[in-house]
Protein chains: 2
Amino acid sequence: MSSSLLEQLIEAFRVLPGVGQKSAQRMAYHVLERERAGGQRLSEALAVAVEKIGHCVRCRDFSETEVCATCASAAREAHLLCIVESPADRLAIEQATGYRGLYYVLQGRLSPLDGVGPRELGLDRLAQRLAEGEVQELIIATNPTVEGEATAHYLAQLARQHGVRPSRLAHGVPLGGELEYVDRGTLSHAFGSRGEMPE
Amino acid sequence: MSSSLLEQLIEAFRVLPGVGQKSAQRMAYHVLERERAGGQRLSEALAVAVEKIGHCVRCRDFSETEVCATCASAAREAHLLCIVESPADRLAIEQATGYRGLYYVLQGRLSPLDGVGPRELGLDRLAQRLAEGEVQELIIATNPTVEGEATAHYLAQLARQHGVRPSRLAHGVPLGGELEYVDRGTLSHAFGSRGEMPE
Ligand SMILES: [Zn+2]
Ligand SMILES: [Zn+2]
């Protein structure tokens with residue numbers, strides 16, 4: 001490689017998820033060979049986004065305004081609050097389901113060993129919100145990991161303390177999944193949680 | 001999605017090769033959640049690269065200086081000139097082989113139907129360079145496509161006109177490839193070009 005600016009660009013692309021040396025090279029060469037205008041646009045979009053996108057004060061999701069469009073919308077059902085670990089989880093639910101309630105983004109999960117407790121996740125603010133009385137159901141959509149489950153149990157208790165009904169996403173065999181390839185924990189849970197077949 | 005700056009960032013990522021809507025979302029969220037400093041660096045590296053990286057006047061490869069480091073190097077063997085279609089092809093050869101000669105990047109291939117002739121590929125300048133007498137072998141590494149092969153034939157003639165020996169990368173069964181999965185054209189060529197086994 002002859003150009004140190006080129007090397008810097010390749011190195012900079014490696015900050016992206018799943019992008020190793022080979023992909024970073026391909027990206028840099030592609031932009032320089034065929035997409036200089038697009039590269040310029042990406043540069044500007046990145047600079048603006050990194051500077052201007054903060055977090056909504058209501059739900060802690062990404063937002064360029066103090067309160068995000070979802071929280072500000074009168075069309076969303078304020079008695080449903082879905083709690084997720086990350087903005088990406090929120091996006092996945094918003095895109096996959098017809099959910100019309102509100103969200104709360106933890107920006108993490110309880111992890112005592114890493115010093116992440118209720119305070120670090122802003123759960124005092126969540127408790128305040130539950131105390132306001134508008135929320136009737138707290139849909140707990142933390143990840144089905146050890147820490148995610150521990151967080152879910154904590155949140156369920158918090159909800160009950162404020163007279164809010166906690167619910168949890170169903171676990172089981174994924175649609176289209178083959179039993180043979182489903183992990184044992186999931187399969188065992190799905191078997192134990194079997195329901196009557198509808199006619 | 002609540003943020004139009006976020007949407008713009010996701011859209012901007014799609015300029016990268018192999019990046020669809022899903023990957024672009026993951027990249028944007030990853031940068032905003034975990035890599036704001038890296039995103040800032042990528043923004044700057046892109047802006048500088050797009051503005052400052054041009055083409056070497058000798059070999060037409062990417063270069064931030066008038067003559068690239070490879071062309072300017074006294075350590076490279078000036079009697080060998082390897083001709084490729086794109087900067088990415090040059091990089092692949094440089095990284096995969098121990099080649100120590102010079103390069104010439106066509107930035108394309110002959111494609112009469114698209115109006116790409118010898119003039120558009122700067123072959124007059126290549127002819128001049130061959131006429132200078134320093135180059136003894138022209139290693140033609142255009143792609144083994146219809147247009148790449150036509151370009152290779154044209155370049156071989158050009159080389160011979162200037163008393164330069166043309167050579168072509170060997171075609172055949174890829175190392176580690178299984179005959180069963182090699183395409184028919186390659187297999188037929190490899191069979192016809194079989195050589196005696198060394199003892
Ligand atoms: Zn919000
Ligand atoms: Zn050069």
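If you're wondering where the values come from, they're calculated on a predicted model, not measured in any experiment.

Parameters at a glance
All chains use their own residue numbering, which begins from 1 and follows the written sequence. Written order decides the labels, with chains lettered from A and ligands numbered from 1. In keeping with the model being predicted, local features are shown solely for residues with a pLDDT of at least 70 and side-chain atom pairs are shown and tallied solely at 80 or more, while totals for entire chains, interfaces and linings include all residues. The basis for the side-chain values is all heavy atoms of the structure; hydrogens and waters are excluded. UniProt positions are given in the numbering used here, feature names are shortened, and annotations may be inferred rather than shown by experiment. Note on conventions: DSSP H or I runs of at least 4 residues are helices, E runs of at least 2 residues are strands, and numbering of each starts at the N terminus. Working definition: with a 1.4 Å probe on protein chains only, accessible area under 20% of the residue-type maximum means buried, over 50% means exposed, and in between means partly exposed. Polar contacts, as used here, are pairs of N or O atoms within 3.5 Å; protein pairs need one atom able to donate a hydrogen and one able to accept it. Residues neighboring in sequence count only if both atoms are side-chain atoms. A least-squares fit on C-alpha atoms brings the copies together, and the residues used are those whose pLDDT is at least 70 in both copies. Residues are treated as being in contact if the distance between any of their heavy atoms lies within 4.5 Å. Only nitrogen, oxygen and sulfur atoms qualify as donors, provided they sit within 2.8 Å of the metal or within 3.2 Å for Na, K and Ca; with water excluded from the atoms, sites may seem incomplete. Square planar and octahedral assignments, for four and six donors respectively, both demand that opposite donors be over 155 degrees apart and that all other angles lie between 65 and 115; tetrahedral needs four donors with all angles between 85 and 135 degrees, and anything else is irregular.

Draft legend 1. Spatial organisation of the UniProt feature "domain: Toprim" (unreviewed entry) in chain A. Following the UniProt record, the feature "domain: Toprim" (unreviewed entry) maps to residues 79–174 of chain A here. Between the end C-alpha atoms of residues 79–174 of chain A the distance is 29 Å, and the span holds 36% helix and 20% strand.

Draft legend 2. Examining the side chain of Thr-70 of chain B more closely. Residue and element names in this part refer to chain B. Tracing the chain through its elements places Thr-70 in helix H4 (residues 69–72). On the basis of relative accessible area, Thr-70 is assigned to the buried category, the value being 9%. At 3.0 Å, the side chain of Thr-70 forms a polar contact with the side chain of Arg-90.

Draft legend 3. Focus on the relation of the copies chain A and chain B. Its rotation angle being 180°, the transformation that places chain A on chain B also includes 0.0 Å of axial translation and leaves an RMSD of 0.1 Å. Viewed as a symmetry operation, the transformation between the two copies matches a two-fold axis. Among all residues of chain A, the minimum C-alpha distance to the rotation axis is found for Ser-43 of chain A, at 2.0 Å. A shared binding surface is used by both copies, with 100% of the interface residues of chain A retained as interface residues in chain B.

Draft legend 4. Region of the structure containing the coordination of the zinc ion (ligand 1). Listed as protein donors to the zinc ion (ligand 1) are Cys-56 of chain A (SG), Cys-59 of chain A (SG), Cys-68 of chain A (SG) and Cys-71 of chain A (SG); their distances from the metal cover 2.3 Å. One can describe the donor arrangement at the zinc ion (ligand 1) as tetrahedral, given that its 4 donor atoms subtend angles of 105 to 117° at the metal.

Draft legend 5. Structural view of the coordination of the zinc ion (ligand 2). All names here are of chain B. At the metal site, the zinc ion (ligand 2) is ligated by Cys-56 (SG), Cys-59 (SG), Cys-68 (SG) and Cys-71 (SG), and these contacts range over 2.3 Å. Taken together, the 4 donor atoms coordinating the zinc ion (ligand 2) and their angles of 107 to 115° define a geometry best described as tetrahedral. Read N to C, the donor residues that coordinate the zinc ion (ligand 2) are spaced as C-x2-C-x8-C-x2-C. Linking Cys-59 in the loop between strand S1 (54–55) and strand S2 (62–63) with Cys-71 in helix H4, this pair joins segments that are 12 residues apart in sequence. Residue Cys-59 is classed as buried on the basis of its relative accessible area of 2%.

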